[in-house]
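One-letter residues, chain by chain:
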Amino acid sequence: MSLEGRISINLATTRGSWGFAEAVDGCLRHGITAISPWRDQVEAIGLREAARIVETNGLRVTGLCRGGMFPAEDPAGRQAKIDDNKRAIDEAVALKADCLVLVVGGLPGSSKNMPEARKQVAEGIAAILPYARENGMPLAIEPLHPMYAADRACVNTLSQALDLCVELGEGVGVAVDVYHTWWDPELETQIARAGQMGVILAHHICDWLVPTTDLLLDRGMMGDGVIDLPAIRRMVEAAGYHGPQEVEIFSKDNWWKKPGDEVLSTVIERFNTVC
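Residues numbered from 1 in each chain as written. Predicted model: local features only at pLDDT ≥ 70, side-chain atom pairs only at ≥ 80, totals over all residues. Heavy atoms only, no water.

### Quick look at helix α10 (residues 260-274)
The first and last C-alpha atoms of α10 sit 21 Å apart over 15 residues, in line with the 21 Å expected at 1.5 Å per residue. When we look at burial in α10, the residues that qualify are Gly260, Val263, Leu264, Thr266, Val267, Ile268, Arg270 and Phe271. Where α10 is buried, its residues touch β1 (7-10), α1 (20-29), β8 (200-205) and β9 (245-247). (Helix = DSSP H or I, 4+ residues; strand = E, 2+ residues; numbered from the N terminus. Expected span 1.5 Å × (residues − 1). Buried < 20%, exposed > 50% of the residue type's maximum accessible area, 1.4 Å probe, protein only. Contact = heavy atoms within 4.5 Å.)

As structure tokens, this is what we get:
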């Protein structure tokens, strides 16, 4: 069965062995025509060349990773974040991405004020939203697991992300990443709510290993952990999202040490058997 329209490769998954161009070639060898690159990978090859590669090969870019990181210790820092997010929107537009993924940021500096951090996130997204709307680039808030609340994302549940969508209005949606949401007792209810709102912009998959040796860089290949991937896929599809499942695996001690073709062969096998 063709993989087109069913699977996307977040290029973090093959970061250990391939840069942007090599990853694209690898995906095409394996019949995969959708990718989601990271900004540093695009920068390394140059935005113009990355956009040319996407266009020439007829690729779908399911998202650009990432914007966000809004909270800062002072107004100048917050403005710098806003300016950088506008550049990220420009890059996403150049790549014709489906969305710009937002990892919103955590506590700035030595702050312990979580309500203030969340307020800065809402203000930061609001500040870039008119520019995103002008350029037709949807913003996908990705709630991260609570273990990242302090340093990476103070939006930690799908419910929080959807509340922000309500507050901010058109042009803002969510990315549902199983690694960050699988544990949530409200997951099915909130995915259904997202579907009613029409704001599911992406669905990211991997697995949660037990034990996990590194909370950031030890994600599992699908089927190697405890996430009920078919159940979450059914929730997302019942909510009306039928876009590609985007495989996003950070794995410094395992999959990043393997050849890219082996990684992609395993991804496809697992996608067909356990997802």
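### Points about the sheet that holds strand β7 (residues 172-177)
The strand order β3-β2-β1-β9-β8-β7-β6-β5-β4 describes an open sheet built from 9 strands, whose pairing is parallel. One side of each edge strand has no neighbouring strand; the edge strands of this open sheet are β3 (60-61) and β4 (64-68). In this structure, β1 lies alongside strand β2 (residues 34-36), joined through 2 bridges in parallel fashion. Looking at the pairing, Asn10 lines up with Ser36 of β2. The strands touched by α10 within the sheet are β1, β8 and β9, with β1 carrying the most contacts at an inclination of about 140°. (Pairing = 2+ DSSP bridges. Axes fitted to C-alpha atoms, helices over the stretch in contact; angles between N-to-C directions.)

### Describing the environment of Ala92
The topology assignment puts Ala92 in helix α4 (residues 75-94). Residue classification places Ala92 among the buried positions, given a relative accessible area of 0%. Distance in space between the C-alpha atoms of Ala92 and Ile227 is 30 Å, their sequence separation being 135 residues. What Ala92 contacts, discounting residues up to four positions off in sequence, is Leu64, Ala97, Leu100 and Met137.

### So, the pairing of β1
Taking every second residue as pointing to the same face, both faces of β1 are buried, with Ile7 and Ile9 on one and Ser8 and Asn10 on the other. Where β1 meets β9, 3 bridges bridge the pair, whose relative direction is parallel. Directly across from Ile7, in β9, lies its bridge partner Gln245. Each parallel crossover has a hand, and for β1 linked through α1 to β2 it is right-handed. (Right-handed = clockwise from strand over helix to strand, strands pointing away.)

### Considering the side chain of Arg219
Positionally, Arg219 belongs in the loop between β8 and α9 (229-238). Given a relative accessible area of 4%, Arg219 falls into the buried group. A polar side-chain atom of Arg219 sits 3.2 Å from a polar atom in the side chain of His180. A distance of 3.2 Å separates a polar atom in the side chain of Arg219 from the backbone oxygen of Glu248. (Polar contact = N/O pair within 3.5 Å; in protein donor to acceptor, adjacent residues only side chain to side chain.)

### Comments concerning the pairing of β7
Among the 6 residues of β7, 6 are classified as buried, and the element is accordingly described as predominantly covered. Pairing of strand β6 (residues 139-141) with β7 involves 3 bridges; the strand directions are parallel. Its bridge partner lying in β7, Ile141 is registered against Val174. A crossover links β6 with its parallel partner β7, the connecting element being helix α6 (residues 158-168), and its sense is right-handed. Alignment of β7 against β8, held across 4 bridges, turns out to be parallel. Within β8, the residue paired with Val176 across the bridge is His203.

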